[in-house]
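This is what each chain is made of:
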Amino acid sequence: MIQGFFMRFPNGCGKALTLSYDDGVRQDIRLIDIMSKNGLKGTFNLNSGRLSVNDVPGKSYLTNSEAAKLYTGSGNEVALHGMEHCFWSDVSAAAAMYDIAADKHNLEKLTGMPVRGGAYPFGTFNDAAVKILELSDIKYCRTTISSYCFDIPTDWLRLKPTCHHNDSRLSELTERFLNTSPDRIPYLFYLWGHSYEFDNDNNWELIEDFAEKVGGRDDIWYATNIEIYDYVQAFCSLIFASDGSFAINPTATDVWLYDYRCGKTIKIAANSRIDFE
């Protein structure tokens, strides 16, 4: 916030929603179908060393060709999760660096897109792992620590999701997200999990009901993790006059803000200046 100005998401939305699902398993096919039917988007964190390998008990991984077609063809993001899904906080720095760098390289070859985010294998991390991610040009990495709120992340490499899909508070949080409106600070609902859990727990109706309830709304921006990160960075790059009389957007991204002084939502186009009333 600068001089009474607050971020709004594309088209002036006060809310955003994203999903984050791990491992690259076959159940992602059904999950993405549910997401697409309801206009949801998200990020899939893959273990490139396990794609096409199906000797892990309880998991059936996609092949490389299936993964490339499924994720890149659906408008979702591919992010890293460790080539072999090892504990980055427990192995040597060299081993963690290899697991991260190799996964990034493999997934970029697989998708033809830069890999800029990820999720911690097993949710474990330490300062050394965070430093390796920084050096690898990874912009965000999701933990498994529930925030139970809709705050915009500030520590992107220790990113806390709102909750897991099996959390007992999911229904309560969903209702609060849908039925309240941000006064100043916008809302971000961040849901995470593993799609194979829906088979294991026999509860696909949980994500189907969630997607139907939150999808297709004009007041919510549905985005991948990296789209949200990039948008927040663009907003934070706005240059304001010290008296709040004008602002310059030096980025290539259109951004929206809420002017609390007059109660208006305003668009500032890419590479432009706007003078406030």
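See the structure printed just above.
Parameters and conventions
Residues numbered from 1 in each chain as written. Predicted model: local features only at pLDDT ≥ 70, side-chain atom pairs only at ≥ 80, totals over all residues. Heavy atoms only, no water. Helix = DSSP H or I, 4+ residues; strand = E, 2+ residues; numbered from the N terminus. Rg over C-alpha atoms; globule rule 2.2 N^0.38 Å. Buried < 20%, exposed > 50% of the residue type's maximum accessible area, 1.4 Å probe, protein only. Contact = heavy atoms within 4.5 Å. Areas by Shrake-Rupley, 256 points an atom, 1.4 Å probe, with all protein chains shown as cover. Lys, Arg positive; Asp, Glu negative; His and termini not counted. Charge placed at Lys NZ, Arg CZ, Asp CG, Glu CD. Salt bridge = Lys/Arg side-chain N within 4 Å of Asp/Glu carboxyl O. Core = buried A, V, L, I, M, F, W, Y, C linked by side-chain atoms within 4.5 Å. Pairing = 2+ DSSP bridges. Arc of directions from axis to C-beta.

Undergrad: Could you give me a rundown of the overall build of the chain, with the residues and numbers involved?
TA: A count of helical and extended segments in the chain gives eight helices and 14 strands. For 277 residues, the compact-globule estimate of 2.2 N^0.38 gives 19 Å, and the chain sits close to it at 19 Å. By its C-alpha atoms, the chain is 65 × 40 × 30 Å across when sized along the principal axes. The buried share of the chain, taken over its 277 residues, is 53%. Contacts spanning at least 24 positions in sequence make up 64% of the contacts within the chain whose residues lie at least 6 apart. Here the chain displays about 12,100 Å² of accessible surface, and carbon together with sulfur accounts for 51% of that area. With 26 positive and 37 negative side-chain charges, the chain shows a spacing of 4 Å between the two charge centroids.

Undergrad: Outline the side chain of Arg8, listing residues and values.
TA: With respect to the helices, strands and loops of the structure, Arg8 is situated in strand β1 (residues 5-8). This buried residue, Arg8, is left without a salt bridge; Asp183 holds the nearest opposite charge, at 6.5 Å.

Undergrad: Which residues make up the pattern of salt bridges, and what are the values?
TA: Evaluation of the coordinates by the stated rule reveals 21 salt bridges. Across the pair Lys15 and Asp219 runs a salt bridge, and its minimum N-O distance is 3.7 Å. Remark: Asp219 occurs in the loop between α7 (204-214) and β9 (220-222) and Lys15 occurs in strand β2 (residues 15-23); sequence separation between them is 204 residues. Taking the relative accessible area as the measure of exposure, Lys15 reaches 3% and is therefore buried. Across the pair Glu172 and Arg176 runs a salt bridge whose closest N-O atoms are separated by 3.8 Å. One end of the pair is Glu172 and the other is Arg176, both in helix α5 (residues 170-179) and four residues apart, which spans about a single turn.

Undergrad: Give me the nonpolar core: which residues, what numbers.
TA: Judged by nonpolar contacts, the single largest core of 49 residues is most densely connected at Leu17, Tyr71, Trp88, Phe189, Leu191 and Ile207. Considering each element in turn, this core owes the most residues, five residues, to α7. Look past the residues within four positions of Leu191 in its chain and what remains in contact with it is Thr18, Leu19, Ser20, Tyr21, Cys163, His164, His165, Leu170, Ile207 and Phe210.

Undergrad: Give a detailed account of the sheet that holds strand β11 (residues 246-249), specifying residues and quantitative values.
TA: If you walk across this open sheet you meet the three strands as β10-β11-β14, and the pairing is antiparallel. Bordering the open sheet on either side are β10 (239-240) and β14 (272-275), each of which pairs with just one other strand. For β11 and β14, the ladder comprises four bridges, and the chain directions are antiparallel. Bridge pairing in β14 links Asn249 to Ser272.

Undergrad: With reference to specific residues and values, describe unusual backbone geometry.
TA: Even without being glycine, Asp23 reaches a positive phi, approximately 95°. Among the structural elements, Asp23 can be located in strand β2. Judged by its relative accessible area of 0%, Asp23 falls in the buried class. Phi at Asp137 takes a positive value of approximately 65°, unusual for a residue other than glycine. Mapped onto the fold, Asp137 is located in the loop between α4 (127-135) and β6 (140-142). Accessibility expressed as a relative area gives 45% for Asp137, which makes it partly exposed.

Undergrad: Which residues make up helix α1 (residues 28-37), and what values do they have?
TA: Those residues of α1 not exposed but buried are Asp28, Leu31, Ile32, Ile34 and Met35. When α1 is viewed along its axis, its buried side chains cluster within an angular range of 160° and face the same direction. If you follow the buried residues of α1, they end up packed against β2, β3 (42-46), α2 (64-72), α6 (196-200) and α7. Positive backbone phi, approximately 80°, marks Gly39, located one or two places after α1.

Undergrad: Summarise α4; cite the residues concerned and give the values.
TA: Since one α-helical turn is 3.6 residues long, residues separated by three or four positions face the same way. Of the residues making up α4, those classed as buried are Ala129, Val130, Ile132 and Leu133. With its buried residues spanning 160° around the axis, α4 presents them on a single face. Exposed and facing more than 90 degrees away from the buried side of α4 are Asp127 and Leu135. Where α4 is buried, its residues contact α3 (93-111) and β6. Positive backbone phi, at 65°, marks Asp137, one or two positions downstream of α4.

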